[in-house]
Amino acid sequence: MSAWMVSGAQASDMAAPRGVVELFTSQGCVSCPPADAAFAKLAQQGDVVALAYHVDYWNYLGWVDTLGSKENTSRQYAYAKMLGRHGVYTPQAILNGREHTNGADLNGINTRLKQLQSTAKGLTTPVHAAVNGEEITIDVGGVPGQTGKANVVVVYFTRQQTVALEKGENTGQTVDYWHAVSTIQTVGMWDGMTKRYVIPATVLKSQKNDGAAVLLQRVKNGNVPAAILGATVIMAPQP
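Keep in mind the model is a prediction, meaning the values are calculated, not measured.

Draft legend 1. Looking closely at the overall build of the protein. Secondary structure assignment for the protein yields 3 helices and 12 strands. In terms of overall size, the protein behaves like a compact globule, its C-alpha atoms giving a radius of gyration of 17 Å where 239 residues would be expected to give roughly 18 Å. Counting only C-alpha atoms and orienting by the principal axes, one finds that the protein spans roughly 50 × 45 × 30 Å. Here the contacts in the protein between residues at least 6 apart in sequence split such that 70% fall between residues at least 24 apart. As displayed, the protein offers around 10900 Å² of accessible surface, 51% of which is attributable to carbon and sulfur atoms. Taken together, the 19 basic and 17 acidic charged side chains of the protein have centroids lying 8 Å from each other.

Shown next as structure tokens:
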């Protein structure tokens, strides 16, 4: 039984977040531990949707990232296309699906999120989610004047894991990794109107998943991630 499927328990979404930070990192990147530490603080703030995507392109340096995947790498390259960049780097933080910055700059990230929040580049569309028995319900609000469509994306993650790095550039370090992404799923499309989406809680097949972020995200050319209009996080009920 998934940790989410606790009899009589529910998990509601966080209060309206200030923004979304997607960190692209790697256990094999010598510059990443400071960003991982900053990201841990960000994840624990409780007012930001924080997601860590471990990439796999540094594996050749001698350590295969235990949390990395090709899917995470593909998402970073898709963001690079959206940003008009020819390459990728770690640690990179994508803010609200709109711009990038150094993932180790916690003060800079928080300052920029505040600035985006005060403009149309903040999270302007309400998104709420909850676990109700065998279902996860996702409610997306309508916004007057909002045009165009967006995808409803569910990103599953593990709250916290500690990994001892035995090879590569970070040999000998033990690092706490927060909100490492395991799976990304598009579960619906939003057309600007108030709408509810229902998905089975059984989609959480792994005991490692104890949280999920719901992102309302525009896409370009069919599959390139773009601006995030709204977001929330739901956590697994505790036994």
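Draft legend 2. Region of the structure containing the pattern of salt bridges. Inspection of the entire model under this criterion finds 5 salt bridges. Asp-47 is the partner of Arg-18 in a salt bridge, and the nearest nitrogen-oxygen pair spans 2.8 Å. Here Arg-18, found in the loop between strand E1 (10–12) and strand E2 (20–25), pairs with Asp-47, found in the loop between helix H1 (32–45) and strand E3 (49–54); they are 29 residues apart in sequence, far enough to count as distant. Note on Arg-18: relative accessible area 16%, which makes it buried. Residue classification places Asp-47 among the partly exposed positions, given a relative accessible area of 25%.

Draft legend 3. Representation of the packing of aromatic side chains in the model. According to the stated counting rule, one finds 5 aromatic pairs in the structure shown. The interplanar angle of 15 degrees and the centroid separation of 4.9 Å between the aromatic rings of Phe-24 and Tyr-53 together place this pair among those described as stacked. In this pair, Phe-24 is assigned in strand E2 and Tyr-53 in strand E3, connecting sequence segments 29 residues apart. For the pair shown, Phe-24 and Tyr-53 are each scored as buried. Ring-pair connections join several aromatic residues into one group, and the members of that group are Tyr-57, Trp-58, Tyr-60 and Tyr-77.

Draft legend 4. Fine view of the confidence of the model for the protein. Per-residue confidence for the protein averages 90 on the pLDDT scale, and 90% of its residues sit at or above 70. When the criterion is pLDDT under 50, residues 1–10 qualifies, and its contacts beyond four places in sequence or with other chains add up to 27 contacts.

Draft legend 5. Region of interest: the nonpolar core. Residues Val-49, Leu-51, Val-155, Ala-213 and Leu-215 are the most contacted members of the largest nonpolar core, which totals 21 residues. For this core, the secondary-structure elements that each account for two or more residues are E2, E3, helix H2 (70–83), strand E8 (150–164), strand E11 (211–220) and strand E12 (224–235). The element best represented in this core is E12, accounting for 5 residues.

The rules behind these values
- Residues numbered from 1 in each chain as written.
- Predicted model: local features only at pLDDT ≥ 70, side-chain atom pairs only at ≥ 80, totals over all residues.
- Heavy atoms only, no water.
- Helix = DSSP H or I, 4+ residues; strand = E, 2+ residues; numbered from the N terminus.
- Rg over C-alpha atoms; globule rule 2.2 N^0.38 Å.
- Contact = heavy atoms within 4.5 Å.
- Areas by Shrake-Rupley, 256 points an atom, 1.4 Å probe, with all protein chains shown as cover.
- Lys, Arg positive; Asp, Glu negative; His and termini not counted.
- Charge placed at Lys NZ, Arg CZ, Asp CG, Glu CD.
- Salt bridge = Lys/Arg side-chain N within 4 Å of Asp/Glu carboxyl O.
- Buried < 20%, exposed > 50% of the residue type's maximum accessible area, 1.4 Å probe, protein only.
- Phe/Tyr/Trp six-rings, centres within 6.5 Å; stacked < 30°, edge-to-face > 60°.
- pLDDT = per-residue confidence, 0-100.
- Core = buried A, V, L, I, M, F, W, Y, C linked by side-chain atoms within 4.5 Å.

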